[in-house]
Amino acid sequence: MARGGGKSGSLKDKLDGNELDLSLCGLSEVPVRELAALPKATVLDLSCNSLVSLPSDFCSLTHLVKLDLSKNRLQQLPVDFGRLVSLQHLDLLNNRLVTLPVSFAQLKPPLHHPFLQNLKWLDLKDNPLDPVLAKVAGDCLDEKQCKQAAVRVLQHMKVIQSEQDRERQRKLQAEREMEKKREAEQRAREAQERELRKREKAEEKERRRREYDAQRAAKQEMEKKTKKETVQSRKLASSSRPPQPARHKHSWSRSVLRALLLVLLCILCTLAVCKLTELQHQPLCVSVNTLYEDVVAAVQNHKTLQNMLQQNSQQ
C-alpha cells in the first residue's frame, strides 16, 4: 500500500464498522477509487503517512464525516475541498499548510440534507499558516478550542469568499462596462467613418458636378465663339466680295451685247444677200425685204413724228 494502497478487498479487511484506519501505512498517494467503493467508511484515518497532496477526485468522497490527515506533509488542499459537505471533524495537525482553499467556506450541509451539521471540529496546529489565518484559528488544545477554531475558520473563509465574490463581481462589472465602452467607441468610430465616407462622397459628387458645369460652360463658350467667328467671317467675306457681282454683271452685259451684235450682223448679212443677190426672189428673202421696208417706213414715220413734236414744242 505504500504506492497508493491495495485493492478494495484489503481495504475492507481494515474496515471496522464505519471506521477505516489507514494510518502508518507509508502512503504517498490516496487510493481514492477504492475508498469511493466503501461509502460506509465515513471515518477515515490517513495520519502518519507521506502524503504531499490530495488528488482532485478526493473531493468526491462526500460520505466522509471524520477525516484525520495529521502528521503528513500536505502543502495545500484541493481547490474543491469544500465539496466534502458531510465533513464534521477535520484534523490537519502537523502538516505544511500555509492557506486554505476558499471553497473551505462551503463545508456546510447541502439543502437536500438539512439533518447534517457543518464542520464542528478543526485542528490546524503545527502548520506554517498565514499569520491572519493562524490568529483566527487559535489553539486546539481541547474539545472546546477545536470547536471554536472550526467556527472561526469557517466564518473567516466565508468572509474571504464573500470578498472574492464581490471582487469577482466588480471585475465582471468592470469588464462589462469596459466591453460596453469598447462597443460604444466602436459604434462611434463606425458612425464617424460612415459620416466621413458620406461627406467624401458628397464632396466627390460636388466636384464632379462643378467639373461638368465647367465643361458645359466651356463648351457653350466655345460654341458662341465659333458662331461669332463664323458670322464675322461671313461678314468679311461678304464685304470683300462686292466687286465680283459687278464683274459678273459686266461680263453678262458684254455677252448680251455680243449676242445682239451677232444677231444684227446676221440680219445685215441676210438683208444684203436678199437685196444684192439673185436670192431676192426667194420666199425667205421676200419676207426679209418686206420686213426691212416696213422697218424703214416705221423709222421714217418715227422721225416725222419727232420733227412734228419738236415744232409743236417750239411753238
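It should be noted that the structure appears before, not after, this text.
On a predicted model such as this, the values are computed, not experimentally measured, just so you know.

**Student:** Can you explain a nonpolar patch on the surface? Please cite residues and give values.
**Tutor:** Together, L257, L261, V263, L264, I267 and L268 make up a nonpolar patch on the protein surface, roughly 560 Å² of accessible area in all. On the secondary structure map, L264 appears in helix α5 (residues 243–276).

**Student:** So what about the packing of aromatic side chains? Which residues, and what values?
**Tutor:** In total, this model carries 1 aromatic pair according to the counting rule given. Ring plane angle 5° and centroid distance 6.0 Å describe the contact between F81 and F104, whose orientation is recorded as stacked. Residue F81 is found in the loop between β4 (66–68) and β5 (89–91), and its partner F104 is found in the loop between β5 and β6 (121–123); the two are separated by 23 residues along the sequence. Of the two residues, F81 and F104, neither departs from the other in class, the shared state being buried.

**Student:** So what's going on with unusual backbone geometry? Residues and values would help.
**Tutor:** In this model, L24 sits at a positive phi of 60°, which is unusual for a non-glycine residue. In this structure, L24 sits in the loop between β2 (19–21) and α2 (32–36). By relative accessible area, which is 67% here, L24 ends up exposed. The backbone phi angle of D126 is positive, close to 55°, even though this residue is not glycine. Taking the relative accessible area as the measure of exposure, D126 reaches 55% and is therefore exposed.

**Student:** Just give me the short version of the environment of L119, but keep the residues and values in it.
**Tutor:** Take L119: it is sitting in the loop between β5 and β6. Excluding its chain neighbours within four sequence positions, the residues that come into contact with L119 are L87, Q88, H89, L90, F104, L107, A150 and L154.

The rules behind each value
Residues numbered from 1 in each chain as written. Predicted model: local features only at pLDDT ≥ 70, side-chain atom pairs only at ≥ 80, totals over all residues. Heavy atoms only, no water. Patch = residues over 30% accessible without salt bridge, like charges linked within 9 Å, V, L, I, M, F, W, Y side chains within 5 Å. Areas by Shrake-Rupley, 256 points an atom, 1.4 Å probe, with all protein chains shown as cover. Salt bridge = Lys/Arg side-chain N within 4 Å of Asp/Glu carboxyl O. Helix = DSSP H or I, 4+ residues; strand = E, 2+ residues; numbered from the N terminus. Phe/Tyr/Trp six-rings, centres within 6.5 Å; stacked < 30°, edge-to-face > 60°. Buried < 20%, exposed > 50% of the residue type's maximum accessible area, 1.4 Å probe, protein only. Contact = heavy atoms within 4.5 Å.

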